[in-house]
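Topology and contacts: notes
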Amino acid sequence: MKPDLKVKIGRLELKNPVMVASGTFGSGEEYKDLLDLNKIGAIVTKSITLKARKGNPPPRIVETPSGMLNSIGLQNDGVEAFIKEKIPFLKTIRSAVIVSIAAHSVNDYVKLAERLDDIKRVDALEINISCPNVKGGLEFSREPVSAFEVVNAVRRKTKKTVIAKLSPNVTDIATIAAAAEDAGADAVSLVNTFTGMAVDIDTKRPVLGNIVGGLSGPAIKPIALRMVWEVFKKVRIPVIGMGGIMDSDDALEFIIAGASAVEIGTANFVNPKAAVEVIDGIERYMRQGRIKNMKELIGCLKV
Ligand code: RRO
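Residues numbered from 1 in each chain as written. Predicted model: local features only at pLDDT ≥ 70, side-chain atom pairs only at ≥ 80, totals over all residues. Heavy atoms only, no water.

**Section: the packing of helix H3 (residues 144-157) against helix H4 (residues 173-182)**
Contact geometry for H3 and H4: axes closest at 8 Å, N-to-C directions at 30 degrees. The orientation of H3 relative to H4 falls into the category roughly parallel. In this structure, the crossing between H3 and H4 has a hand that is right-handed. On the side of H3, the interface is formed by Pro144, Ala147, Phe148 and Val151, while H4 contributes Thr175, Ile176, Ala179, Ala180 and Asp182. When the residues that make up the contact of H3 with H4 are grouped by side-chain class, the tally is seven nonpolar, one polar and one charged. (Axes fitted to C-alpha atoms, helices over the stretch in contact; angles between N-to-C directions. Helix = DSSP H or I, 4+ residues; strand = E, 2+ residues; numbered from the N terminus. Parallel < 35°, antiparallel > 145°, perpendicular 65-115°, else oblique. Left-handed = near helix turned anticlockwise from the far one by under 90°. Contact = heavy atoms within 4.5 Å. Nonpolar A, V, L, I, M, F, W, Y, C, P; charged D, E, K, R; others polar.)

**Notes on the pairing of strand S9 (residues 161-165)**
The buried count for S9 comes to five of five residues, which makes it a mostly enclosed element. The alternating pattern of S9 places Thr161, Ile163 and Lys165 and Val162 and Ala164 on opposite faces, both of which are buried. As defined by bridge partners, strand S8 (residues 124-128) adjoins S9 across five bridges and the pair is classed as parallel. Among the inter-strand pairings, Leu125 is bridged to a residue of S9, identified as Val162. Here S9 pairs with strand S10 (residues 187-190) via three bridges, running parallel. (Buried < 20%, exposed > 50% of the residue type's maximum accessible area, 1.4 Å probe, protein only. Pairing = 2+ DSSP bridges.)

**Some remarks on the site of the ligand**
Every residue lining the ligand is accounted for by Lys46, Asn70, Ser71, Ile72, Gly73, Leu74, Asn128, Cys131, Pro132, Asn133, Asn192 and Thr193. In the environment of the ligand, an oxygen atom lies 2.8 Å from a nitrogen or oxygen atom belonging to the side chain of Asn128. Comparing atom positions with the cavity grids shows the ligand to sit within the largest pocket. Residue composition of the shell around the ligand, by class: four nonpolar, seven polar and one charged. (Near = heavy atom within 4 Å. Polar contact = N/O pair within 3.5 Å; in protein donor to acceptor, adjacent residues only side chain to side chain. 1 Å grid on protein atoms, 1.4 Å probe; cavity = no way out; pocket = protein on both sides within 12 Å on 5 of 7 lines; lining within 4 Å. Sits in = over half its atoms within 2 Å of the grid points.)

**Structural notes on the layout of surface pockets**
When its volume is computed, the largest pocket comes out at roughly 870 Å³. For the largest pocket, the lining is made up of 48 residues, of which Ser22, Gly23, Thr24, Lys46 and Ser47 are closest to its centre. The set of elements that each furnish at least two residues to the lining of the largest pocket consists of strand S4 (42-48), strand S6 (67-70), helix H1 (79-90) and strand S16 (259-264). Counted by class, the lining of the largest pocket contains 18 nonpolar, 22 polar and eight charged residues. The space that makes up the second largest pocket amounts to roughly 190 Å³. Considering the residues around the second largest pocket, the lining is formed by Asp4, Lys6, Val7, Lys8, Glu13, Asn293, Met294, Lys295 and Ile298. Along the lines of polarity and charge, the residues of the lining of the second largest pocket split into three nonpolar, one polar and five charged. (Points joined across faces, edges and corners; volume = space filled by probe spheres on them.)

**Some remarks on the pairing of S4**
Among the seven residues that make up S4, six are buried, leaving the element largely enclosed by the rest of the structure. Taken together, the two bridges between strand S3 (residues 18-20) and S4 define a ladder with parallel strand orientation. Bridge pairing in S4 places Val20 opposite Ile43. Taken together, the five bridges between S4 and strand S7 (residues 96-101) define a ladder with parallel strand orientation. Across the sheet, residue Val44 finds its bridge partner in S7, namely Ile98.

**Topic: the packing of aromatic side chains**
On inspection of all chains with the given rule, the structure shows two aromatic pairs. With a centroid separation of 3.9 Å and an interplanar angle of 15 degrees, the aromatic rings of Phe25 and Tyr31 are classed as stacked. Tyr31 carries the same exposure label as Phe25, and that label is buried. Taken together, a centroid distance of 5.5 Å and an interplanar angle of 85 degrees make the contact between Tyr109 and Phe140 edge-to-face. With Tyr109 in helix H2 (residues 106-117) and Phe140 in the loop between S8 and H3, this residue pair connects regions lying 31 residues apart in the sequence. The class for Tyr109 is buried, based on a relative accessible area of 0%. We classify Phe140 as buried; its relative accessible area is 15%. (Phe/Tyr/Trp six-rings, centres within 6.5 Å; stacked < 30°, edge-to-face > 60°.)

**Quick notes on the environment of Leu116**
If you trace the backbone, Leu116 turns up in helix H2. On the basis of relative accessible area, Leu116 is assigned to the buried category, the value being 0%. Residues Leu116 and Val99, 17 residues apart in the sequence, show an inter-C-alpha distance of 8.7 Å. When neighbours within four sequence positions are excluded, Leu116 is seen to be in contact with Ile48, Val79, Ile83, Val99, Ile101, Val122, Leu125 and Lys160.

**Examining the nonpolar core**
Residues Leu116, Ile129, Val188 and Leu190 are the most contacted members of the largest nonpolar core, which totals 93 residues. Residues in contact with Val188, not counting those within four places in the same chain, are Ile163, Ala164, Leu166, Ala177, Ala180, Val231, Ile237, Pro238, Val239 and Ile240. (Core = buried A, V, L, I, M, F, W, Y, C linked by side-chain atoms within 4.5 Å.)

Function cannot be inferred from these measures alone, as they are strictly geometric.
Written out as structure tokens, the structure is:
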């Protein structure tokens, strides 16, 4: 019997629990010749802001042991260009589309949510309250009060499924997740990148133009997994797990620890087919273990 991989995130039903993480997959079109986009549960597009942003000075990416640092600085063409130039392609695919939004103020998050509320092809909003690379600080999810404020303001303005993306650069991520849940989020996704840096010992300069950046990849997986587990125990809304997932075994670890869905990020740069391979691997595991549906698997950790 074919296992049922469907999961629900708010009112949104995904055909499988595998999504591609914001910032690692452009707006989907960039990957159209590299894998079958229709197989992916959901595509989360690169964070957009109200107005275009140039981003940070280069270098913006550096490889580190078992991971990478990025400091893109939220480069994007702004919401109007996104709607005009990216939505037409997204209309041609059958995966769910989740649009990541970022802003410097609660008011701008609300304006973005309102603008996107009319766009039918947008199935859900991932509110990025955890960008580590922008001056002035966009990590609204560093404090429960500011996390609540942003999520609640967006919640009041949109009927779409709302996912709050959380920062790992905090003392107690479960408290922040609970604030997002209280504010009306349909789900939380975690983790964004860990702030880090790299130094060139010959020039004695920072490697990244922005000095610091966000660490992702297998180096962060055990920490991300621990955070997903802590959040799963604390909230009732679905938890979307990410952080260094390279293959289906990694994804299954997150699901068993409580993730209703997972996002594949850094792995896309190494293997553009990673998301599809993760879906196939989860299905194989369920078939071999005679697991009929995702409910049997999510959070089944034996402790
Ligand atoms: O653009 C970025 O530098 C960036 C963002 Br918005 C984010 O949320 N996470 C990250 O690692 N980089």
